[in-house]
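Structural overview
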Amino acid sequence: MKTKLNFKQCLAITPEQTKKRYSLGNKLLLETNSITKKGKKYFIGRYRVPNKKYTLDYQIGAFGEGQNQYTPTSAMKKWQEVLNWCDKHNLSPKDYKLSRKLNLLSHLEKPTLIQAAGEFLEVVRTKVKEGTHREYTNKLNQILSLIDGDLTIDQCEIANGGKILMNNTLQKIASGSKYDLENRCRFLLHRLFNYAQSRDWMTGGNPVEINRDFFIVASGQNHHPTIDWIDVPDFFQRLQHNACNAHKQTVLATKFMLLTFLRTGALVRLEWDFVDLEKKLITITGETLGLKRKRGKNEHIPHLIPITDEMKSILNQVRTYNNFLGFSSTSRHPINERRKYIFPPIMDGKYPHLNPSAINDFLRDLGYKGRFRAHGWRRFALTNGIDVLKAESDVIRRQMGHLPEGKVLQAYDASERLDERRKFLDDWVKVLVSKGLKIHQD
């Protein structure tokens, strides 16, 4: 059932001097506390007491996207679950809450799935980057939105049908096409249950297996798809023509990706402070999400990108264009936070920078769905950098952001090979331009 207010509309509601309530339909309300009570927002279900003329509140939970919080959609789903239970048992929401408490008391020694997930996230917080921790949190929230989070962890054991429950949930996440997301969620759930076993909360095997047999890939493709060298001129023509009328910000970001073959996650997080035009160098800090540096191991190592004349031209275009972007003072992210990024967001959303999926969405709209992805361009650059430009593999891999392989080289090889990388990027850009890449948009 759709709600009358979506997440953004609920987020935009500002607290007033008195408590306010807003209807989302189906007797579900969003309650906003007064300013004196910090204006916190909660979801409440209203129900009529049998044989009485008055109504009562059923507390669903706090508004938000964090652990143990609800969006309008998930709150409506929870409220509908309560109402369905009441219809089935001919009881009231108060009885539903009591039954949940009794169920928890019967498993008092075991945490709920939500509690176990929360503790797991706190444990891994010190072991992964902030962005990775945020990704783990979002994925677990997505999983828990499909499972009753009040289940005790031992109810997820294989003997209690946990394997069937988890496989069905992962199948829902895949939705017939999102197999990479399913695989990532599978790994995360496997780690969560491993942690539960280490705390003696569960017995028997892990209900989520990560054997290769459980992994599904669309069309049998093991690598991100990319184009061939012969297809490059046609691709550049489509890029320049921009028949899908993509935003100029996305087009410029795509061209910068072609010149640098950065991962999209790192590219959209490029900051102006990383750029030194005098030294003709971009220094991306090792903590930047998308570089694939490991926390506590090599996150102190930055990634360096020599700036070619063509890259400088794109940066100048972006800077000029961004001066005309209208930044609303009421958006989720402060203006200064968004302006620090080379590629700020096109519209207000969850990111203070360009959405990491923007480039792949652009490639899809250009007609390359299933045939070409941004990450595939990295394979294209390594392959053709060797075959066409006769460059050393090590030089290209360094420019891709890869660190020396093997414990010995990682311990002793601190070279940057910056001169060779600068020459390679100069040659790389020139050959792309010769194939039809236009640095300036018509």
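Structure report, in brief. (Residues numbered from 1 in each chain as written. Predicted model: local features only at pLDDT ≥ 70, side-chain atom pairs only at ≥ 80, totals over all residues. Heavy atoms only, no water.)

1. Points about the overall build of the chain
Looking only at helices and strands, the chain features 17 helices and eight strands. Residues counted as buried form 45% of the 442 residues belonging to the chain. Counting only contacts in the chain whose residues sit at least 6 apart along the sequence, the fraction spanning at least 24 positions is 60%. With the model as given, the accessible surface of the chain reaches about 24100 Å², and the carbon-plus-sulfur share is 51%. (Helix = DSSP H or I, 4+ residues; strand = E, 2+ residues; numbered from the N terminus. Buried < 20%, exposed > 50% of the residue type's maximum accessible area, 1.4 Å probe, protein only. Contact = heavy atoms within 4.5 Å. Areas by Shrake-Rupley, 256 points an atom, 1.4 Å probe, with all protein chains shown as cover.)

2. Topic: the nonpolar core
Grouped together as the largest cluster of nonpolar side chains are 58 residues, with contacts concentrated most on Leu267 and Trp377. Excluding residues within four positions of it along the chain, Trp377 makes contact with Thr226, Ile227, Met257, Leu258, Phe261, Phe372, Trp428 and Leu432. (Core = buried A, V, L, I, M, F, W, Y, C linked by side-chain atoms within 4.5 Å.)

3. As for the pairing of strand E1 (residues 20-25)
Pairing between E1 and strand E2 (residues 28-32): five bridges, direction antiparallel. Its bridge partner lying in E2, Ser23 is registered against Leu29. Between E1 and E2, which pair antiparallel and follow one another directly, the connecting turn spans two residues, one of which, Asn26, has a positive phi of 60 degrees. (Pairing = 2+ DSSP bridges.)

4. Let's talk about the sheet that holds strand E7 (residues 281-284)
On the basis of which strands lie adjacent, the open sheet formed by three strands has the order E6-E7-E8 and antiparallel pairing. Among the strands making up the open sheet, the edge pair consists of strand E6 (275-276) and strand E8 (303-306). Pairing of E6 with E7 involves two bridges; the strand directions are antiparallel. Directly across from Val275, in E7, lies its bridge partner Ile282.

5. Looking at helix H4 (residues 113-124)
For H4, built from 12 residues, the straight-helix expectation of 16 Å at 1.5 Å per residue is met to within 8% by its first-to-last C-alpha distance of 16 Å. What H4 keeps buried is the set Leu113, Ala116, Ala117, Phe120, Leu121 and Val124. Take H4 and look down its axis: the buried residues cluster within an arc of 135 degrees, on one side only. (Expected span 1.5 Å × (residues − 1). Arc of directions from axis to C-beta.)

6. Some words on helix H17 (residues 418-434)
With 17 residues, H17 extends 24 Å between its outermost C-alpha atoms, agreeing within 8% with the 24 Å of an ideal straight helix rising 1.5 Å per residue. Of all the positions in H17, only Arg421, Phe424, Leu425, Trp428, Val429, Val431 and Leu432 are classed as buried. Along the long axis of H17, the arc covered by the buried residues comes to 165 degrees, so they all point the same way. What points out from H17, more than 90 degrees from its buried face, is the exposed set Asp419, Lys423, Lys430 and Ser434. Contact partners of the buried residues in H17: helix H8 (232-241), helix H9 (248-260), E8, helix H11 (309-322), helix H14 (374-387) and helix H15 (393-399). At the C-terminal side of H17, Gly436 shows a positive phi close to 115 degrees.

7. A word on the packing of aromatic side chains
For the structure shown, the criterion picks out 21 aromatic pairs. When the centroid spacing of 5.7 Å and the interplanar angle of 20 degrees are considered together, the rings of Trp229 and Phe380 count as stacked. With Trp229 in the loop between helix H7 (179-198) and H8 and Phe380 in helix H14, this pair connects stretches of sequence that are 151 residues apart. You can call Phe380 buried: its relative accessible area is 2%. Three or more aromatic residues link up through ring pairs in this structure, and these residues are Trp229, Phe235, Phe236, Phe261, Tyr368, Phe372, Trp377, Phe380, Phe424 and Trp428. Sitting above the plane of the Trp272 ring, Arg319 keeps its charged end 3.9 Å from the centroid. (Phe/Tyr/Trp six-rings, centres within 6.5 Å; stacked < 30°, edge-to-face > 60°. Lys NZ or Arg CZ within 6 Å of the ring centre and 35° of its normal.)

8. Quick look at the sheet that holds strand E3 (residues 41-48)
An order of E1-E2-E3-E4-E5 is seen for the five strands of this open sheet, with the pairing classed as mixed. Across the chains shown, the open sheet's two edge strands, defined by having one partner strand only, are E1 and strand E5 (69-70). Those strands touched by helix H2 (residues 72-89) are E1, E2, E3, strand E4 (55-63) and E5, and its axis lies near 140 degrees from that of E4. (Axes fitted to C-alpha atoms, helices over the stretch in contact; angles between N-to-C directions.)

9. Section: the pairing of E8
Of the two faces of E8, both are covered, the one formed by His303 and Ile305 as well as the one formed by Leu304 and Pro306. Both E7 and E8 contribute to a ladder of four bridges, which runs antiparallel. Paired with Leu281 across the strands is Pro306, a residue of E8.

10. Side note on the pattern of salt bridges
This model, assessed by the stated rule, comprises 19 salt bridges. Glu135 serves as the salt-bridge partner of Arg184, at 3.7 Å between the closest nitrogen and oxygen. One end of the pair, Arg184, is in helix H7; the other, Glu135, is in helix H5 (residues 130-144), and 49 residues separate them in sequence. For Lys163, the salt bridge identified is with Glu209, shortest N-O distance 2.6 Å. Separated by 46 residues along the polypeptide, Lys163 in helix H6 (residues 162-174) and Glu209 in the loop between H7 and H8 bring together distant segments of the chain. Relative accessible area serves as the criterion here: at 27%, Lys163 is assigned to the partly exposed category. Using a relative accessible area of 22% as the deciding quantity, one classes Glu209 as partly exposed. (Salt bridge = Lys/Arg side-chain N within 4 Å of Asp/Glu carboxyl O.)

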